[in-house]
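Structure at a glance
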Amino acid sequence: MNNGIVRPMLYSDLEAVLEIERASFSSPWSLESFKAELKDNEYARYLCLELNDQVIGYMGLWFILDEGHITNIAISPNYRGQHWGGFLIRSVMDMMTEQGMERMTLEVRVSNNSAQSLYKRLGFVTAGVRKGYYADNQEDAIIMWAELGTEVNVT
């Protein structure tokens with residue numbers, strides 16, 4: 001990926017992050033939720049994907065012991081389908097491995113087939129289902145896990 005940079009999220013990124021969040025989710029997080037995660041949650045790590053000085057994606061995780069739990073991830077609609085989501089996740093997985101983390105987990109809507117496909121290509125496997133997980137429509141979530149430090153094909 002040319003010129004893509006993954007870096008810590010700053011308060012100054014929140015306007016762009018909220019724009020992506022609102023374009024991506026039926027129940028988007030609020031500005032206050034992002035601020036609370038950045039300021040008050042000692043387990044939280046939020047990262048931005050920047051391309052040509054523009055935030056085009058972001059990812060949030062909670063680091064708990066040797067595991068990372070992805071809380072949210074989104075790519076700007078203008079940049080979807082161009083492998084930026086895989087680039088962002090792979091970059092974060094590499095960073096986590098360097099920091100001694102051993103695995104990561106996430107929940108994904110059962111209807112979100114494109115995200116599930118991406119996660120599988122990155123080495124995630126299905127571990128279960130959370131019934132009625134999503135508050136907006138009570139949709140089930142698939143729980144997925146990945147072991148870090150293993151080579152995967154992201155194409």
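None of the values given here were measured: they were computed from a predicted structure. (Residues numbered from 1 in each chain as written. Predicted model: local features only at pLDDT ≥ 70, side-chain atom pairs only at ≥ 80, totals over all residues. Heavy atoms only, no water.)

Along any regular strand the residues' side chains alternate between the sheet's two faces. Taken across its seven residues, strand E7 (residues 141-147) has five buried, putting it largely inside the fold. With five bridges joining them, strand E6 (residues 125-130) and E7 adopt antiparallel strand pairing. Paired with arginine 130 across the bridge in E7 is alanine 141. (Buried < 20%, exposed > 50% of the residue type's maximum accessible area, 1.4 Å probe, protein only. Helix = DSSP H or I, 4+ residues; strand = E, 2+ residues; numbered from the N terminus. Pairing = 2+ DSSP bridges.)

A full pass over the atoms with the stated rule returns seven aromatic pairs. Relative to tyrosine 58, the ring of phenylalanine 34 lies with its centre 5.8 Å away and its plane at 85°, an arrangement referred to as edge-to-face. A residue pair is termed long-range when its members are at least 10 positions apart, and phenylalanine 34 in helix H2 (residues 31-40) and tyrosine 58 in strand E3 (residues 54-64) qualify at 24 residues. Neither residue differs from the other here; phenylalanine 34 and tyrosine 58 are each classed as buried. Every member of this aromatic cluster is reached through a ring pair, and the members are Trp29, Phe34, Tyr46 and Tyr58. Stacked on the ring of tyrosine 134, the Lys or Arg arginine 109 has its end atom at 4.0 Å from the ring centre. (Phe/Tyr/Trp six-rings, centres within 6.5 Å; stacked < 30°, edge-to-face > 60°. Lys NZ or Arg CZ within 6 Å of the ring centre and 35° of its normal.)

Next up on the list: the sheet that holds E3. With mixed pairing, seven strands are arranged side by side in an open sheet as E1-E2-E3-E4-E5-E7-E6. The strands lining the two open edges of the sheet, one partner per strand, are strand E1 (4-8) and E6. On average, each strand axis in the sheet is inclined to that of its neighbour by 25°, with strand direction left out of account. Against the sheet, helix H1 (residues 14-24) makes contact with strand E2 (44-51), E3 and strand E4 (67-75), and its axis sits at roughly 85° relative to E3, the strand it touches most. Here helix H4 (residues 113-121) sits on the sheet in contact with E4, strand E5 (103-109), E6 and E7, set at roughly 165° to E5. (Axes fitted to C-alpha atoms, helices over the stretch in contact; angles between N-to-C directions. Contact = heavy atoms within 4.5 Å.)

What follows is about the UniProt feature "domain: N-acetyltransferase" (unreviewed entry) in the protein. Under the local residue numbering, the UniProt record ascribes the feature "domain: N-acetyltransferase" (unreviewed entry) to residues 4-149. In the segment residues 4-149, helix accounts for 31% and strand for 36%; the C-alpha atoms at its two ends are 22 Å apart. (UniProt positions renumbered as here; feature names shortened; annotations may be inferred.)

The end-to-end C-alpha distance of helix H3 (residues 84-98) is 21 Å, a good match for the 21 Å that 15 residues give at a rise of 1.5 Å each. The set of residues buried in H3 consists of Trp84, Gly85, Gly86, Leu88, Ile89, Arg90, Val92, Met93 and Met96. Directly after H3, the chain includes glycine 100, whose backbone phi takes a positive value near 90°. (Expected span 1.5 Å × (residues − 1).)

Looking now at the nonpolar core. Within the largest apolar cluster, 30 residues are counted, with the highest numbers of intra-cluster contacts made by Met59, Leu61, Ile89, Met104, Tyr119 and Phe124. Taken together, the elements giving at least two residues each to this core come down to E2, E3, E4, H3, E5, H4 and E7. The greatest single-element share of this core, amounting to six residues, is contributed by H3. Formed by twelve residues, the second largest nonpolar core is a distinct cluster that contains Leu14, Phe34, Ala44 and Tyr46. (Core = buried A, V, L, I, M, F, W, Y, C linked by side-chain atoms within 4.5 Å.)

The next subject is H1. An α-helix turns once every 3.6 residues. As a result, residues three or four positions apart point the same way. When H1 is considered as a whole, its buried residues turn out to be Leu14, Val17, Leu18, Ile20 and Glu21. Buried residues of H1 fall within an arc of 165° about the axis and therefore sit on the same side. In H1, those exposed residues whose orientation departs by more than 90 degrees from the buried face are Glu15, Glu19 and Arg22. Against the buried residues of H1 lie H2, E2, E3 and E4. (Arc of directions from axis to C-beta.)

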